[in-house]
Protein chains: 2
Amino acid sequence: VLPAVKAPLCVSTDAVVEGVHFLRQTPRFDVGYKALAVNLSDLAAMGARPRWFVCALAAPSLTKQQVSALGRGMAALARRFRIALVGGNVTRARQLSLTLTVLGTAVGKGPLLRSTAQVGDSLYVSGTLGAARLGLTSVGRRYPAAVRRQRRPEPRVALGLLAASYASAAIDVSDGFVNDVGRMLSASGVGAAVQTARLPIDSDVRAAFARPSAALRMALIGGEDYELVLAVPRRRRRAFERACARARQPVTEVGRLISAPGLRLVDGSGRALALPKPGYQHF
Amino acid sequence: VLPAVKAPLCVSTDAVVEGVHFLRQTPRFDVGYKALAVNLSDLAAMGARPRWFVCALAAPSLTKQQVSALGRGMAALARRFRIALVGGNVTRARQLSLTLTVLGTAVGKGPLLRSTAQVGDSLYVSGTLGAARLGLTSVGRRYPAAVRRQRRPEPRVALGLLAASYASAAIDVSDGFVNDVGRMLSASGVGAAVQTARLPIDSDVRAAFARPSAALRMALIGGEDYELVLAVPRRRRRAFERACARARQPVTEVGRLISAPGLRLVDGSGRALALPKPGYQHF
């Protein structure tokens, strides 16, 4: 039972499943951590303040150690982001999975949507792209920061709360930059021109590949970055950048929204690039 | 995004998993129906008005027909109980499952809890017991009403809303009367004496078994009845029964709460009966 709330409520649900979102050998602490992190990322993309969550656990068998480790992983993030567990459910299943539902409250002018981006807006992306996918590869094992990004993604909650005062639309990068930007563009009925030379490709990803095109590809379709993509009206661009700098939230302007539908990639010399095949598809 | 709410929020999450809560051959409409019904039953036990829900679907593969049937099953109940779907997620998994989270608003003096039953309260149970379990057996196939109870349980939402003004505590019967009453008693730090002769054993369950003790056993531990068990203070008992009669909500007084912890079963001649082994255990 939760108190009455004065602000609009934001709600989102997301699952992590063994063999899909994590491996059998992934430490259970990290599984719990990631389950809450990906849900907090959804709230971040709405510019919402995290408040409460419920957790449905499905598992083939349960040991105290396993439950404790899953719980500690969730609790670590829950404390940091001040979100309280208010309900749960446990059921038997052939595969381990955690399905969380998070509740948040909108701040400022209300929640950010993915469907309200406008032609002319600048397109920003937070942090860096590609490292989470790198952390999943055999090469990636040599890059501890990338493995950490894969196992313990950092939800951009503070940036989302800040962006609620500036951005016209937002989405988080879970299935890859190309996929998720595409969703925002479709939902908003606009297109985008993105300059690939401006993309904040993670430094480990650049280091791991001899060919720059391979690094670019991983940044574009790798997935699980849990960075925010933000559409910001041109007139608010400077104020937004100053606010991000003050709050130490790294963001990079990577392109602009245009009326022609779809995502266009443009290289450093102004040439159009083919879109790489989409990233992870659930079906 | 949901509007701000003035009443305390109630939230609950529950999953249905293939091979655990339904069979491979169960019609997908019924799977969707049951997934929402069991969650609405949780809100009913809180005396809460259903408002919103989110649905996380996990499946090995997805066909349009399957998604449509699951959706139609949920929509049928959602319309009746005026609960709106406000978010969802789809992921790949080896087993079909639906994990729903429901949000409701408390009415009257706020939500009913399972932990606030008092010594001296009368113990009531709604409807009838045992039919849902009967509907799962080979014998049960001869009883269409029992099969329907198993596949399309009826959440006691109206009774829960009514009971919010009378009861001191409530729980819904998902894992069997003995299991769930036991949970209420433990949470409240009380015991109960229940007269088995008063238990509203479903008429199909009585008909299906030659031995009355077998019918009693199914009613006690069968599970998935999704009836409400309500603790009602003695002084409100008559008013509660009148209100139930006016609202055509069948309830039966089956016993009384006592200070000695645990559930005691007493037969028609006042003899103590051994508790049957507990019903379905998830682990």
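Here the structure is a predicted model, which means the values were calculated and not measured.

### Brief notes about the interface of chain B and chain A
Consideration 1: At the interface, 41 residues of chain B touch 41 residues of chain A.
Consideration 2: Our enumeration of links across chain B and chain A arrives at zero salt bridges.
Consideration 3: For the pair chain B and chain A, the number of links is five residue pairs in polar contact (both at pLDDT 80 or more).
Consideration 4: At the level of elements, β1 (9-17), β2 (48-59), β3 (84-92) and β4 (97-106) of chain B are the ones that each hand at least two residues to the side of chain B that touches chain A.
Consideration 5: Of the residues in the side of chain B that touches chain A, the class split is 27 nonpolar, 10 polar and four charged.

### Some points on the packing of helix α1 (residues 28-45) of chain B against helix α2 (residues 64-81) of chain B
Between two packed helices, what matters for the description is the angle formed by their axes and the separation of those axes.
Residues and elements named next belong to chain B.
Consideration 1: At a minimum axis separation of 6 Å, α1 and α2 run at an interaxial angle of 40°. Comparing the axis directions of α1 and α2 gives the class oblique. With respect to the hand of their crossing, α1 and α2 are arranged in right-handed fashion. Residues R28, F29, V31, G32, Y33, L36, A37 and L40 of α1 touch α2, and the partners they reach there are Q66, A69, L70, R72, G73, M74, A76, L77, A78, R80 and F81.
Consideration 2: Looking at side-chain class alone, the contact of α1 with α2 contains 13 nonpolar, three polar and three charged residues.

### Comments concerning the sheet that holds β4 of chain B
Residue and element names in this part refer to chain B.
Consideration 1: The sheet built from four strands is open, its strands ordered β1-β4-β2-β3 with mixed pairing. Strands at the two margins of the open sheet, each flanked by one partner only, are β1 and β3. Averaged over all pairs of adjacent strands, the angle between strand axes in this sheet comes to 15°, irrespective of strand direction.
Consideration 2: Across eight bridges, the pairing between β2 and β3 is parallel. Note that in β3 the partner of V54 across the bridge is G87.

### Let's talk about the nonpolar core
Consideration 1: One finds L36, L40, F53, L98, L100, L230 and F240 of chain A to be the most contacted residues of the largest nonpolar core, which totals 49 residues.
Consideration 2: In contact with L36 of chain A, other than residues within four places in its own chain, are F53, M74, L77, A78, I83, L100 and V102 of chain A.

### Overview of the pairing of strand β5 (residues 122-126) of chain B
Residues and elements named next belong to chain B.
Consideration 1: Of all five residues in β5, five are buried, a share of seventy percent or more.
Consideration 2: Of the two faces of β5, the one holding S122, Y124 and S126 and the one holding L123 and V125 are both buried throughout.
Consideration 3: In the sheet, β5 pairs with strand β8 (residues 228-232) via four bridges, with the strands oriented antiparallel. Paired with S122 across the bridge in β8 is V232.
Consideration 4: In terms of strand pairing, β5 meets strand β9 (residues 251-258) through five bridges, oriented antiparallel. Within the sheet, the bridge partner assigned to Y124 lies in β9 and is E253.

### Here we look at helix α4 (residues 144-151) of chain B
Consideration 1: For α4 of chain B, the set of buried residues is A146, R149 and Q150 of chain B. Down the axis of α4 of chain B, the buried set is contained in an arc of 100°. They therefore lie on one face.

### A word on the relation of the copies chain B and chain A
Consideration 1: Overlay of chain B on chain A (RMSD 0.0 Å): rotation 180°, translation along the axis 0.0 Å. Such a combination of rotation and displacement between the chain copies is what one expects of a two-fold axis. Taking C-alpha positions as the reference, the residue of chain B nearest the rotation axis is V5 of chain B, at 2.9 Å.
Consideration 2: Comparing interface residues between copies, 100% of those in chain B also sit at the interface in chain A, which points to an isologous, same-surface contact.

### As for the packing of aromatic side chains
Residues and elements named next belong to chain A.
Consideration 1: What the rule picks out here adds up to six aromatic pairs over all chains.
Consideration 2: Between the aromatic rings of Y166 and F240, the centroid separation amounts to 5.9 Å while the plane-to-plane angle is 55°, which identifies the pairing as tilted. A residue pair is termed long-range when its members are at least 10 positions apart, and Y166 in the loop between α5 (157-163) and β6 (169-172) and F240 in helix α9 (residues 237-246) qualify at 74 residues. Per residue, the accessibility class of Y166 equals that of F240, and both read buried.
Consideration 3: Taken together through their ring pairs, the aromatic side chains of Y124, Y166 and F240 make up a single cluster.
Consideration 4: Stacked on the ring of Y33, the Lys or Arg R152 has its end atom at 5.7 Å from the ring centre.

### Considerations on the sheet that holds strand β4 (residues 97-106) of chain A
Residues and elements named next belong to chain A.
Consideration 1: Pairing in this open sheet of four strands is mixed, and the strands run β1-β4-β2-β3 from one edge to the other. Whereas interior strands pair on both sides, the edge strands pair on one side only; in this sheet they are β1 (9-17) and β3 (84-92). Geometrically, the sheet is characterised by an average inter-axis angle of 15° between neighbouring strands, direction not taken into account.

Basis of the calculations
Residues numbered from 1 in each chain as written. Chains lettered and ligands numbered in written order. Predicted model: local features only at pLDDT ≥ 70, side-chain atom pairs only at ≥ 80, totals over all residues. Heavy atoms only, no water. Contact = heavy atoms within 4.5 Å. Salt bridge = Lys/Arg side-chain N within 4 Å of Asp/Glu carboxyl O. Polar contact = N/O pair within 3.5 Å; in protein donor to acceptor, adjacent residues only side chain to side chain. Helix = DSSP H or I, 4+ residues; strand = E, 2+ residues; numbered from the N terminus. Nonpolar A, V, L, I, M, F, W, Y, C, P; charged D, E, K, R; others polar. Axes fitted to C-alpha atoms, helices over the stretch in contact; angles between N-to-C directions. Parallel < 35°, antiparallel > 145°, perpendicular 65-115°, else oblique. Left-handed = near helix turned anticlockwise from the far one by under 90°. Pairing = 2+ DSSP bridges. Core = buried A, V, L, I, M, F, W, Y, C linked by side-chain atoms within 4.5 Å. Buried < 20%, exposed > 50% of the residue type's maximum accessible area, 1.4 Å probe, protein only. Arc of directions from axis to C-beta. Least-squares fit on C-alpha atoms with pLDDT ≥ 70 in both. Phe/Tyr/Trp six-rings, centres within 6.5 Å; stacked < 30°, edge-to-face > 60°. Lys NZ or Arg CZ within 6 Å of the ring centre and 35° of its normal.

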